[in-house]
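Structural overview for review
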Amino acid sequence: MVLHQLKTRGISSEKILSAFSQVHRHLFVPEAYAGYAYHDRPLPIGEGQTISQPYMVAEMTQLLDPVPGDRVLEIGTGSGYQTAILSFLGAVVYTIERNGLLLENAEKVFRRIGMKNISSMTGDGTIGWEEHAPYDGIIVTAGSPDVPPALLKQLAPGGRLVIPVGPRSSQSLKLYKRTGSGIISSEHGGCVFVPLVGKHGWPAEG
Ligand code: SAH
């Protein structure tokens, strides 16, 4: 997976490649899909949600570019795989998931593999997590119609926000950076994520 799906597609950071070798994706997928854990695709994790394709997790991580000690807010814990990759890279991770059952499952895996520096809560991540702001990085792992304003607000100077933005059916991966002269944004290709549902996301009922 690391060589064929990540390295050949442009994931060049050795520390990120090493994180993907050492955080085992099969621990984050339901038992029935364990045999597909290292395939080049998203997989169902229950509750109508998915664990993202490994390459997408790696690309978002590379855009976020966390260094040890960075405070990172993640919206959409899901399986917890992306959370664990960030924690492995030394980030102090705050993660929000709207589905309580998925969060419970993810927390069990964090405990099982002894992941440190992860704080989690059930709730609507489209309003951010004010209590621990500002963040050096914010990563949204669900598709948003637009950028939730609270997330830009909770970004520290020099902070990066990685978020899929666009219609429900397909989005474009965007990176926003808070610089001395304001927010600058860039686009990083197409992607398809489950919808970000909440106050500044999509309405719950389709
Ligand atoms: N990074 C995860 C992606 C899971 S899919 C993984 O690879 O496993 C996206 C997740 O975002 C889903 O679990 C969904 O329940 C959650 N989600 C959607 N809207 C949300 C919101 N407003 N706040 C928090 N979580 C949300």
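What comes next is a walk through the structure.

Reading the values: the criteria
- Residue numbering note: each chain is counted from 1, following its sequence as written.
- Local features in this predicted model are restricted to residues of pLDDT 70 or higher, and side-chain atom pairs are both shown and tallied only at a pLDDT of 80 or more, whereas totals for entire chains, interfaces and linings draw on every residue.
- Computation of side-chain values covers all heavy atoms of the structure but excludes hydrogens and water.
- To qualify as a helix, a DSSP run of H or I must reach at least 4 residues; to qualify as a strand, a run of E must reach at least 2; elements of each kind are numbered from the N terminus.
- Each residue is assigned to one of three classes by its accessible area relative to the maximum for its type, calculated with a 1.4 Å probe on protein chains only: buried under 20%, partly exposed between the two thresholds, exposed over 50%.
- We call two residues contacting when some pair of their heavy atoms lies within 4.5 Å.
- Using a 1.4 Å probe, the Shrake-Rupley method yields the accessible areas, and only the shown protein chains count as cover for residues.
- In this tally Asp and Glu are treated as negative and Lys and Arg as positive; neither His nor the chain ends contributes.
- Taken as the charge location is NZ of Lys, CZ of Arg, CG of Asp or CD of Glu.
- By definition, two strands form a pair when at least two bridges between them are found by DSSP.
- Here, expected helix span is obtained from the residue count minus one, scaled by 1.5 Å.
- When we speak of the arc, we mean the arc of directions from the helix axis to the C-beta atoms.
- For this analysis, a polar contact is any N or O atom pair within 3.5 Å, provided that within protein one partner can donate a hydrogen and the other can accept it, and provided that sequence-adjacent residues contribute only side-chain to side-chain pairs.
- One heavy atom suffices: a residue is near a molecule or strand as soon as one of its heavy atoms comes within 4 Å of it.
- Only protein atoms enter the calculation, which uses a 1 Å grid: trapped sets of points that fit a 1.4 Å probe without letting it out are cavities, open sets showing protein on both sides within 12 Å along at least five of seven lines are pockets, and any residue with an atom within 4 Å of a point is a lining residue.
- Grid points are joined across faces, edges and corners, and a volume is the space filled by probe spheres set on the points.
- When residue character is reported, Ala, Val, Leu, Ile, Met, Phe, Trp, Tyr, Cys and Pro are called nonpolar, Asp, Glu, Lys and Arg charged, and the others, Gly included, polar.
- Axis definition: a line fitted to C-alpha atoms, over the contacting stretch in the case of helices. Angles run 0 to 180 degrees between N-to-C directions.
- Side-chain atoms within 4.5 Å link the members of a nonpolar core, which is a set of buried Ala, Val, Leu, Ile, Met, Phe, Trp, Tyr and Cys residues.

1. Remarks on the overall build of the chain
- Helices and strands together make up the secondary structure of the chain, namely six helices and nine strands.
- Principal axes of the C-alpha set define a box for the chain whose edges measure 45 × 40 × 30 Å.
- The buried share of the chain, taken over its 206 residues, is 49%.
- Partitioning the contacts of the chain with sequence separation of at least 6, the portion at a separation of at least 24 is 54%.
- Here the chain displays about 9300 Å² of accessible surface, and carbon together with sulfur accounts for 53% of that area.
- Within the chain, one finds 18 positive and 18 negative side-chain charges whose respective centroids are separated by 3 Å.

2. Overview of the pairing of strand 6 (residues 135-140)
- With five of six residues buried, strand 6 is to be regarded as a mostly interior element.
- Bridging between strand 3 (residues 71-75) and strand 6 involves four bridges; their strand directions are parallel. Residue pairing across strands places Val72 opposite Gly137, the latter belonging to strand 6.

3. Some words on helix 5 (residues 100-112)
- Compared with the 18 Å implied by 1.5 Å per residue over 13 residues, the 18 Å span of helix 5 between its first and last C-alpha is a close match.
- Burial in helix 5 covers these residues: Leu102, Leu103, Ala106, Val109 and Phe110. Along the axis of helix 5, the buried positions cluster into a sector of 120°, meaning they face one direction only. Facing away from the buried side of helix 5 by more than 90 degrees, the exposed set consists of Arg111 and Arg112.
- For helix 5, the elements touching its buried residues are strand 1 (43-46), strand 2 (49-51), helix 4 (81-88), strand 4 (92-97) and strand 5 (118-122).
- Two or three places before Leu101, at the opening of helix 5, Asn99 has a side-chain oxygen 3.0 Å from that residue's backbone nitrogen.
- At the exit of helix 5 stands Gly114, carrying a positive phi of roughly 70°.

4. Side note on the site of the ligand
- For the ligand, the set of nearby residues contains 25 residues, the closest of which are Ser79, Glu97, Asp124, Gly125 and Val197.
- Between the ligand and the protein, one listed contact pairs a nitrogen atom with a backbone N or O atom of Gly123 at 3.4 Å.
- The side chain of Asp124 places a nitrogen or oxygen atom 2.9 Å from a nitrogen atom of the ligand.
- Protein burial of the ligand: of its 580 Å² of free accessible surface, 99% is covered by the chains.

5. Some words on the layout of surface pockets
- What the largest pocket holds in volume is close to 650 Å³.
- Taken together, 39 residues line the largest pocket, and the ones lying closest to its centre are Gln49, Thr50, Thr141, Ala142 and Val194.
- Counting only elements with at least two residues in the lining of the largest pocket, the list comes to strand 2, helix 3 (54-64), strand 3, helix 4 and strand 4.
- When its residues are assigned to classes, the lining of the largest pocket shows 19 nonpolar, 15 polar and five charged.
- Roughly 300 Å³ of internal volume is contained in the second largest pocket.
- Lining of the second largest pocket is provided by 16 residues; of these, Leu27, Phe28, Val29, Pro30 and Val109 occupy positions nearest its centre.
- Element by element, the count of residues in the lining of the second largest pocket is highest for helix 5, at six residues.
- For the lining of the second largest pocket, a count of residues per class yields nine nonpolar, four polar and three charged.

6. Comments concerning the sheet that holds strand 3
- The strand order across the open sheet formed by seven strands is 5-4-3-6-7-8-9, and the pairing between neighbours is mixed. Only two strands of the sheet have a single neighbouring strand rather than two, namely strand 5 and strand 9 (182-191). Each strand of the sheet is rotated relative to its neighbour by a mean of 15°, with strand direction disregarded.
- Strands in contact with helix 3 are strand 3, strand 6, strand 7 (155-165), strand 8 (171-179) and strand 9; relative to strand 7, the strand with the most contacts, it is inclined by about 155°.
- In the packing of helix 4 onto the sheet, contacts are made with strand 3, strand 4, strand 5 and strand 6, and the angle to strand 4 comes to roughly 170°.

7. Focus: the nonpolar core
- In terms of nonpolar packing, the biggest core is built from 26 residues, with Phe20, Phe28 and Tyr81 touching the most fellow members.
- Elements represented by at least two residues in this core include exactly helix 2 (14-22), strand 1, helix 3, helix 4 and helix 5.
- Each residue touching Phe28, except ones within four places of it in the same chain, is listed here: Val23, Ile45, Ile51, Ser79, Gly80, Tyr81, Ala84, Val109, Phe110 and Ile113.
- Counting 17 residues, the second-largest nonpolar core is a separate cluster that includes Leu73, Tyr135, Ile138 and Leu161.

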